[in-house]
Every structure is written in structure tokens, then in C-alpha cells.
Amino acid sequence: MARVMQVMPAPHCTLEDCVAAMAGTGFAPHDEESLQHGADWLARLGRNKSFLGDMMLDELTNRHGKDDPRSAYGPQVIMLSRPEEGFFMRANIWPSAQEHSFRASGGGSFVYGLPHDHNFDFLTVGYFGPGYESDYYEYDFEAVQGGKGEKANLRFIERSTLSEGKVMHYRAHRDVHRQLPPKSLSVSLNILRSDPAQGWFDQYRFDIEKDEIADVISHGSGEVFLRCAVGMGGEEALSLAECFGKHHPSDRMRLAAWEARASLCGDAVERDALWRDAEHSGSRMVAMEAKRRRDELASA
């Protein structure tokens with residue numbers, strides 16, 4: 001499961017001090033010293049019980065007079081620092097089932113009940129409230145191809161709560177959790193690894209009952225651009241999609257290229273022929289998805 005970090009007892013710090021301490025060394029979660037450094041400073045920030053409320057009050061009072069690119073506020077996430085030096089910080093708000101936002105939007109809007117992994121490492125600390133519960137699992141990322149319906153071989157570890165002051169390390173491509181709403185409104189603080197390369201690694205949603213990969217939830221902008229370019233027509237875009245489908249280093253981009261081309265097929269026979277070609281394109285993941293698409297066409 002996500003690793004519970006043991007942290008040094010130390011007085012609370014300001015957000016500015018925490019960001020400066022992290023910027024001075026960066027955040028390299030695969031280095032034990034760097035990981036512990038981040039956990040200790042995140043725990044210190046978590047002991048500062050006034051900074052986040054003060055920040056939110058200041059934002060509400062002075063929003064009209066500020067243009068701070070660091071500030072990105074949403075219904076659940078508050079950005080605490082700019083992405084720099086390989087990390088950024090944020091606060092997450094977790095409503096209980098009794099909150100109006102939960103009743104209005106449903107649990108899925110807050111990722112509750114959605115078993116998933118992450119394609120980045122991050123540290124989190126329970127900052128306010130009882131904290132969300134999670135069912136924790138582990139799996140072997142290197143052993144799967146990433147196709148929908150593929151066996152995941154998830155290993156259930158335990159159910160536990162991100163209680164106030166608890167610091168945890170979520171390991172990329174290893175830890176899977178299904179979050180449950182807290183008993184009352186809760187807040188967590190995060191330090192997240194920021195790496196341009198992580199966008200090429202998949203993040204999955206899992207079907208726990210079937211022990212399968214249910215979907216990919218980390219689609220990048222490149223996939224969207226490719227689909228749009230092919231959809232809007234043009235021989236150059238189609239040629240690029242053909243090239244990407246066979247030679248791109250990312251299996252996910254390869255699949256996006258085949259999907260873009262499939263969107264132009266006039267009928268089921270043409271789509272079946274295209275996906276038959278995709279089965280022999282050199283990617284095990286694409287072959288797996290292509291077979292599934294052909295099976296769907298056959299049963300339609």
C-alpha cells in the first residue's frame with residue numbers, strides 16, 4: 001500500500017518556507033533522502049493550521065486586485081506553488097456525503113469509489129478533518145500492457161484513513177486506491193513530482209470485482225490533437241497517423257492513431273479491416289485493443 005512516512009517532530013512552518021526548502025533540493029521520490037526531506041517539510045506545513053484558511057480568505061477579499069499565476073482554484077484543488085524544480089504543491093478538499101457539493105455533483109466528481117493508480121509519485125498529509133478512507137491495493141505495472149479488460153492481478157492490502165498529521169507516499173505505477181468520502185469535510189496537502197516524461201506513462205482505472213484494467217485516465221493533449229487533425233481531414237494528418245500507429249514509442253499514442261483512422265471508416269467492414277491491420281502493427285497493447293474492437297464489431 002502507499003507507504004506511511006515517519007517524520008521528525010518539528011515546529012510548524014509557513015508555506016513560503018516549505019516551498020523554498022523544497023525548491024532548494026528538488027523532489028526526487030526515488031531518492032530516500034529527498035523523499036524524507038519532503039515528508040518532514042510537508043508535515044511541518046501540515047502543523048500550520050492557519051495558513052490555508054488565511055490564503056483562502058485573502059483570495060476571496062483581494063481576488064479582483066491580484067493576478068498571481070500560482071493561484072489556480074477549483075472546487076476541489078487549490079494550487080499552492082508553481083510547477084518548478086521538479087515538483088509542485090496543492091491542497092485537496094474532500095467533502096463528506098452530507099455536503100451540498102457531494103449531493104449536487106455525486107461522488108464520482110471527487111474520484112470517490114474510483115479505483116486508480118497514479119503515473120507520478122506524491123506525498124500527502126492529512127491537514128484538516130477526519131480524512132478520507134481508502135481501500136489500498138498493489139499491482140505490477142510492468143506486467144500489464146494496458147488494454148481494457150486485461151487481468152490486473154491486484155493485491156488487496158488494507159483499508160485505512162488519511163488522518164490528521166499522517167504523511168503517506170503514493171508510489172507511481174504501484175499503489176492503487178479506491179477512496180471513500182470522509183465522515184466530515186477534510187483537507188489534504190500534497191507535494192507532487194512534476195516530470196514532463198510522466199505524460200507518456202499510463203494511469204489506469206481498475207475494475208476491482210473483475211480484477212481488470214477498466215480504462216486509461218491519463219490521455220494527453222497529443223492524442224487529442226492527433227484525433228482532431230485527422231478528423232478535420234488532410235493527407236498530411238492521415239500520413240502522420242499511419243506513421244504514429246506503427247512507429248511511435250508510446251503505445252497509447254499508437255492506439256490513438258488507429259482510433260483516429262477508424263473514425264474515418266465508412267462502415268463496419270472497413271473498420272474491421274483496419275483493426276485487423278492494427279493487430280499486426282508491432283504493439284502488444286494495440287493488438288489486444290484491436291482484437292477487442294473486432295470482437296465488438298462481430299457481435300454487433
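Everything that follows concerns the structure shown earlier in this document.
In short, a report on the structure. (Residues numbered from 1 in each chain as written. Predicted model: local features only at pLDDT ≥ 70, side-chain atom pairs only at ≥ 80, totals over all residues. Heavy atoms only, no water.)

Okay, the overall build of the protein next. Along the protein, the regular secondary structure elements total 9 helices and 11 strands. In terms of overall dimensions, the protein has a C-alpha envelope of 65 × 45 × 40 Å along the principal axes. The burial tally for the protein puts 45% of its 300 residues in the buried class. Considering only contacts in the protein between residues 6 or more positions apart, those separated by 24 or more positions represent 73%. For the protein, the distance from the average position of its 34 positive side-chain charges to the average position of its 46 negative side-chain charges is 3 Å. (Helix = DSSP H or I, 4+ residues; strand = E, 2+ residues; numbered from the N terminus. Buried < 20%, exposed > 50% of the residue type's maximum accessible area, 1.4 Å probe, protein only. Contact = heavy atoms within 4.5 Å. Lys, Arg positive; Asp, Glu negative; His and termini not counted. Charge placed at Lys NZ, Arg CZ, Asp CG, Glu CD.)

Across the sheet, 6 strands lie side by side as β1-β7-β4-β9-β3-β2; this open sheet has antiparallel pairing. For this open sheet the edge positions go to β1 (3-5) and β2 (77-79), each flanked by a neighbour on one side alone. The average angle at which neighbouring strand axes cross in this sheet is 30°, direction not considered. Of the strands in this sheet, β1, β3 (87-94), β4 (122-128), β7 (167-170) and β9 (186-193) touch helix α2 (residues 32-46), which is tilted by about 15° from β4. (Pairing = 2+ DSSP bridges. Axes fitted to C-alpha atoms, helices over the stretch in contact; angles between N-to-C directions.)

Despite not being glycine, N153 has its phi angle at roughly 55°, a positive value. Counting through the fold element by element, N153 comes out in the loop between β5 (133-138) and β6 (155-161). Residue class for N153 comes out partly exposed when judged on its relative accessible area of 48%. We note that H173 has phi near 60°; this positive angle belongs to a residue other than glycine. Tracing the chain through its elements places H173 in the loop between β7 and β8 (175-180). By relative accessible area, H173 is classed as buried at 16%.

It is worth spelling out the environment of R90 at this point. Tracing the backbone shows R90 in strand β3. Distance from R90 to F141, taken between C-alpha atoms, is 26 Å for residues 51 residues apart in sequence.

Look at helix α1 (residues 15-25) against α2: their axes get within 9 Å of each other, and the N-to-C directions meet at 175°. Accordingly, the angle class assigned to the pair α1 and α2 is roughly antiparallel. Side by side, α1 and α2 meet where L15, D17, C18, A21, M22 and T25 of the first sit next to H37, G38, W41, L42 and L45 of the second. (Parallel < 35°, antiparallel > 145°, perpendicular 65-115°, else oblique.)

Moving on, we come to the pattern of salt bridges. A side chain with one charge can pair with a side chain of the opposite charge if their charged atoms come near. One pass over the full model with this rule turns up 21 salt bridges. Of the charged contacts in the structure, one is a salt bridge between D215 and K148, with a shortest N-O distance of 3.7 Å. With D215 in strand β11 (residues 212-216) and K148 in the loop between β5 and β6, this residue pair connects regions lying 67 residues apart in the sequence. Exposure remark for K148: the relative accessible area of 34% places this residue in the partly exposed category. The partner of R293 in a salt bridge is E289, and the shortest N-O contact between them spans 3.2 Å. Taken as a pair, R293 and E289 lie in helix α9 (residues 284-299) at a separation of 4 residues, close to a single helical turn. We note that R293, like E289, is buried. Overlapping salt bridges, with partners in common, bring together R227, E259, E289, R292, R293 and E296 in one network. (Salt bridge = Lys/Arg side-chain N within 4 Å of Asp/Glu carboxyl O.)

Below, the discussion takes up the environment of F206. Structurally, the position occupied by F206 is in strand β10 (residues 204-207). By relative accessible area, which is 2% here, F206 ends up buried. Taking the C-alpha atoms as reference points, F206 and V176, 30 residues apart in sequence, are found 8.6 Å from one another.

Here we take up the sheet that holds β5. On the basis of which strands lie adjacent, the open sheet formed by 3 strands has the order β6-β5-β8 and antiparallel pairing. Single-partner strands in this sheet number two, and they are β6 and β8. Averaged over all neighbouring strand pairs, the angle between strand axes comes to 20°, with direction disregarded. Pairing of β5 with β8 involves 6 bridges; the strand directions are antiparallel.

Moving on, we come to the environment of R276. Relative to the helices and strands, R276 resides in helix α8 (residues 268-278). A sequence separation of 14 residues divides R276 from A290, and the C-alpha atoms of the two residues are 6.9 Å apart.

A few words on the packing of aromatic side chains. Here the structure, examined in full by the defined rule, presents 13 aromatic pairs. Note on W94 and Y112: the rings are 6.1 Å apart at their centroids and 40° apart in plane angle, and the pair reads as tilted. Residue W94 is located in strand β3, and its partner Y112 is located in the loop between α4 (100-105) and β4; the two are separated by 18 residues in the primary sequence. In this pair, the class of W94 matches that of Y112, namely buried. Pairing F122 with Y170 gives two aromatic rings, centres 4.6 Å apart and planes at 5°, and the pair type is stacked. Here F122, found in strand β4, pairs with Y170, found in strand β7; they are 48 residues apart in sequence, far enough to count as distant. (Phe/Tyr/Trp six-rings, centres within 6.5 Å; stacked < 30°, edge-to-face > 60°.)

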